[in-house]
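One-letter residues, chain by chain:
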Amino acid sequence: MKTEAVDSAAAGVAGAPARRAARRALLVAFVALAFVLPQLPVPDFWITQANYIGLYALVAMGLVLLIGVVGLTSFGQAAFVGIGAYTTAVLATALGLSPWLNLLIGLALTCASALVLGWVTLRLSGHYLPLATIAWCLALNYSMANMEWLGKFDGILGVPPIAIGAIDFTEGRNIYYLIWGAALLGAAALINLLDSRPGRAIRALNGGVPMAEAMGIPTFRYKVQVFVIAALLAAVSGWLFAHFQRSVNPSPFGIKWGIEYLVMAVIGGIGNVWGAFAGATVVKIIEDQLQVILPRLTGTTGNFETIVFGIGLVLMLKYAPQGLWPFLSKWAPAPQRARDWDTASAFPERERPQRGSLLLEVERVRKQFGGLVAVNDVSFELRAGEILGLIGPNGAGKSTTFNLVTGTLPKTAGAVRFRGEDISALRAREIARRGVSRTFQHVRMMPAMTVLENVALGGWQRGHSGALAAMLRLDRAEERRMFREAERELARIGMADQMHELAGNLPLGRQRLMEIARALCTDPVLLLLDEPAAGLRHREKKALAEVLRQLRAEGMTLLLVEHDMDFVMNLTDRIVVMEYGTKLMEGTPAEVQASPAVRAAYLGTEH
Ligand code: ADP
Ligand code: MG
């Protein structure tokens, strides 16, 4: 039963073993062909084209990360290419510095400018980033074209070739290896990154920000990081470009090219790193053809290919928004994770408070949405090791109370103390790091990630590995611990056999259970569950109640919103009843059941 589920899930993701082997063979063939191409008797022109494609792919894969994974659009990548190119051109010609040193300096400059640009604009929502990147690209390009020491429109000539010892990369067939080595390493680094602790956080940036923050993840920092990584890839491309062309001038770093890189990413398919190669190839080939055909058609010379690309981009977005990649992906190796974490060591666990000690104090918290008082000066306490139920009719303010306690929403007034510390002014992720975790009434998850990956998002704050370690695959030991923990929490709620399925394919009730496993993966002291049993069948509800009792026995403290009265009455130690944002009463399940006021509230009659 178990293996069957795992196999069918794996088949859904990766295809049958024979197909999988064929796909891997194709990737190997692609890399092997890339490797031997300059040794084959092909025309020099081909090699030159391949060099441009590699240079473009480096920039476009940064955009795949930005647009496809995170949902941020940049028109300004050409400017970062320009920084990489001009830095090495100036330093090599004026000061005679080594290209390798210039690469480091160029990357540092790019990193600094991307940090500043990202820091200022990524906080702003909506269209500010695209606009800011356009402005940035125009401004930088204008500076290049107007500064005496950058050679104005003529640029800088006589850039020396890159050399390693006695080998110099003057010739196209030599520098090909540098360019394609960089492009393939870049692709491998990005693929590694996406399959890691920082990578899951990055993938959650697209539509999962409140959830990620509630898991303790600093989402803004990751946004800036992604922006910087994309800029660095562009700068490497620029560095190679300057030494390949042996000269630089402003025109390849203008807004026209900013748009063209975007076209490559979109045409290739922003859903996959390999799409960048497909897009770069298609754009390069079409562009060359258009430069021959269009002047004949129009009778004049001009940048008409930009217009054609613009129209092509619009059509592409309308009819094939995923680009070419979905058509190519049949032949690409599908990522799959072997279950290799049985022997991994467990993460350390947080120290639990003394049973019965005061854990959470909610003091006159208040939330107003305009004129509506959703939570009206509500107070209650939670002691370690108890299950407190929060009940009340729809719209009573229960979920809003959760949001106030966990920092998901700012309070209008009132205070919350956790383990004696005032957490009223803390952000959601800071509260999460202190050991408060939650689920959401409206499930918040990443549907395109597997169940296991979603749960591992909860484990983010228990790991340490950063982007560089992930790119270099130095994070595998920690990853094994992370997945061991995620599977353990899934097993606890009876979902280990579904861990390889895509979360979006689960029924709603299962998605809620998955959220509980994710919350448990943060190693919480206090767990807030918003309607965990909704959508579950009778048998599943009983199993869930048993899990929650077990958690309590292990010293966990729970705050629970639930509409199923049997579930609440049999499970909770105490109950707080809310109505119209106000606390109506507090007592044991028996006292609440006996209260005429509560009965009236539920029946909707005046008492
Ligand atoms: P419950 O979880 O008890 O069903 P909620 O806390 O979700 O209730 O909502 C309490 C009240 O606050 C409702 O009247 C709801 O419409 C309102 N409310 C909740 N969230 C918002 C919001 N973001 N903006 C405006 N009103 C809201
Ligand atoms: Mg609610």
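Residues numbered from 1 in each chain as written. Chains lettered and ligands numbered in written order. Predicted model: local features only at pLDDT ≥ 70, side-chain atom pairs only at ≥ 80, totals over all residues. Heavy atoms only, no water.

*Asks:* Is there a simple way to think about the coordination of the magnesium ion (ligand 2) in this case?
*Replies:* Only S399 (OG) and Q441 (OE1) from the protein reach the magnesium ion (ligand 2) as donors, at distances of 2.0 to 2.1 Å. Of the two residues, S399 is situated in helix α15 (residues 398–406) and Q441 in the loop between β10 (436–438) and α17 (451–458); the sequence distance between them amounts to 42 residues. (Donors = N, O, S within 2.8 Å, 3.2 Å for Na, K, Ca; no water. Helix = DSSP H or I, 4+ residues; strand = E, 2+ residues; numbered from the N terminus.)

*Asks:* Hey, could you run me through the state of the cysteines in this one?
*Replies:* Structurally, a disulfide amounts to a covalent bond that connects the sulfur atoms of two cysteines. Here the structure, examined in full by the defined rule, presents zero disulfides. This cysteine, C111, is not joined by any disulfide, and C137 carries the nearest cysteine sulfur, 19 Å off. For C111, a relative accessible area of 26% gives the class partly exposed. According to the relative accessible area criterion, C137 is buried, its value standing at 0%. (Disulfide = S-S within 2.5 Å. Buried < 20%, exposed > 50% of the residue type's maximum accessible area, 1.4 Å probe, protein only.)

*Asks:* Would you explain the site of ligand 1 in this entry?
*Replies:* Residues in close proximity to ligand 1 include F369, L372, A374, N394, G395, A396, G397, K398, S399, T400 and Q441, which together make up its full environment. Here an oxygen atom of ligand 1 sits 2.9 Å away from a polar atom, N or O, in the main chain of G397. Here an oxygen atom of ligand 1 and a side-chain polar atom of S399 are 2.9 Å apart. Here ligand 1, which alone exposes 560 Å², has 60% of that area covered by the protein. Sorting the residues of the shell around ligand 1 by element identifies β6 (372–383) and α15 as the ones contributing at least two each. (Near = heavy atom within 4 Å. Polar contact = N/O pair within 3.5 Å; in protein donor to acceptor, adjacent residues only side chain to side chain. Areas by Shrake-Rupley, 256 points an atom, 1.4 Å probe, with all protein chains shown as cover.)

*Asks:* What am I meant to see in the domain arrangement of the protein here?
*Replies:* When the parts come together, some accessible area is lost, and that loss is often what is quoted as the size of the interface. Under the domain assignment, the protein is made up of domain 1 (45–331) and domain 2 (356–435 + 562–607). With centres defined by C-alpha atoms, the gap from domain 1 to domain 2 works out at 51 Å. Taken together, the six residues of domain 1 in the interface contact four residues of domain 2. Contact between domain 1 and domain 2 buries roughly 400 Å² in total, counting both sides, with carbon and sulfur atoms accounting for 56%. Summed over the three residues of domain 1 that lose the most area to domain 2, namely E213, A214 and G216, the buried surface amounts to 76% of that side. On inspection of domain 1 and its partner domain 2, the count reaches one salt bridge. Across the salt bridge formed by R429 and E213, the nearest N and O atoms sit 2.9 Å from each other. (Domains from an automatic or database assignment. Contact = heavy atoms within 4.5 Å. Buried area = accessible area lost by both parts, 1.4 Å probe. Salt bridge = Lys/Arg side-chain N within 4 Å of Asp/Glu carboxyl O.)

*Asks:* So what exactly am I meant to see when it comes to the confidence of the model for the protein here?
*Replies:* Caution applies to low-pLDDT parts of the model: their predicted coordinates are not meant to be read in detail. Across the protein, the average pLDDT comes to 89, with 94% of residues at or above 70. Contacts of residues 1–14 to residues separated by more than four positions or lying in other chains number 15 contacts, the stretch itself having pLDDT below 50. (pLDDT = per-residue confidence, 0-100.)

*Asks:* Sorry if this is basic, but what is going on with helix α10 (residues 219–245) here?
*Replies:* For the α-helix, the turn length of 3.6 residues means that residues three or four positions removed from each other point alike. The terminal C-alpha atoms of α10 lie 39 Å apart, and with 27 residues this matches the ideal 39 Å at 1.5 Å per residue to within 8%. Here α10 lies mainly inside the structure; 22 of its 27 residues are buried. Backbone geometry just downstream of α10 places R246 in the positive-phi region, at approximately 65°. (Expected span 1.5 Å × (residues − 1).)

*Asks:* I keep staring at the sheet that holds strand β12 (residues 557–561) and nothing clicks. Help me out?
*Replies:* Picture the strands of a sheet paired through backbone hydrogen bonds; they go either parallel or antiparallel. The strand order across the open sheet formed by six strands is β10-β11-β12-β7-β13-β14, and the pairing between neighbours is mixed. Lying at the two open borders of the sheet, with one neighbouring strand each, are β10 and β14 (582–587). Direction aside, neighbouring strands of the sheet carry axes that sit 20° apart on average. Where strand β11 (residues 526–530) and β12 come together, five bridges link them in parallel fashion. Its bridge partner lying in β12, D530 is registered against V561. Along the sheet, α15 makes contact with β7 (387–391), β10, β11, β12 and β13 (574–579), crossing β11 at roughly 150°. On the sheet, helix α20 (residues 508–521) packs against β10 and β11 and is oriented at approximately 165° with respect to β11. (Pairing = 2+ DSSP bridges. Axes fitted to C-alpha atoms, helices over the stretch in contact; angles between N-to-C directions.)

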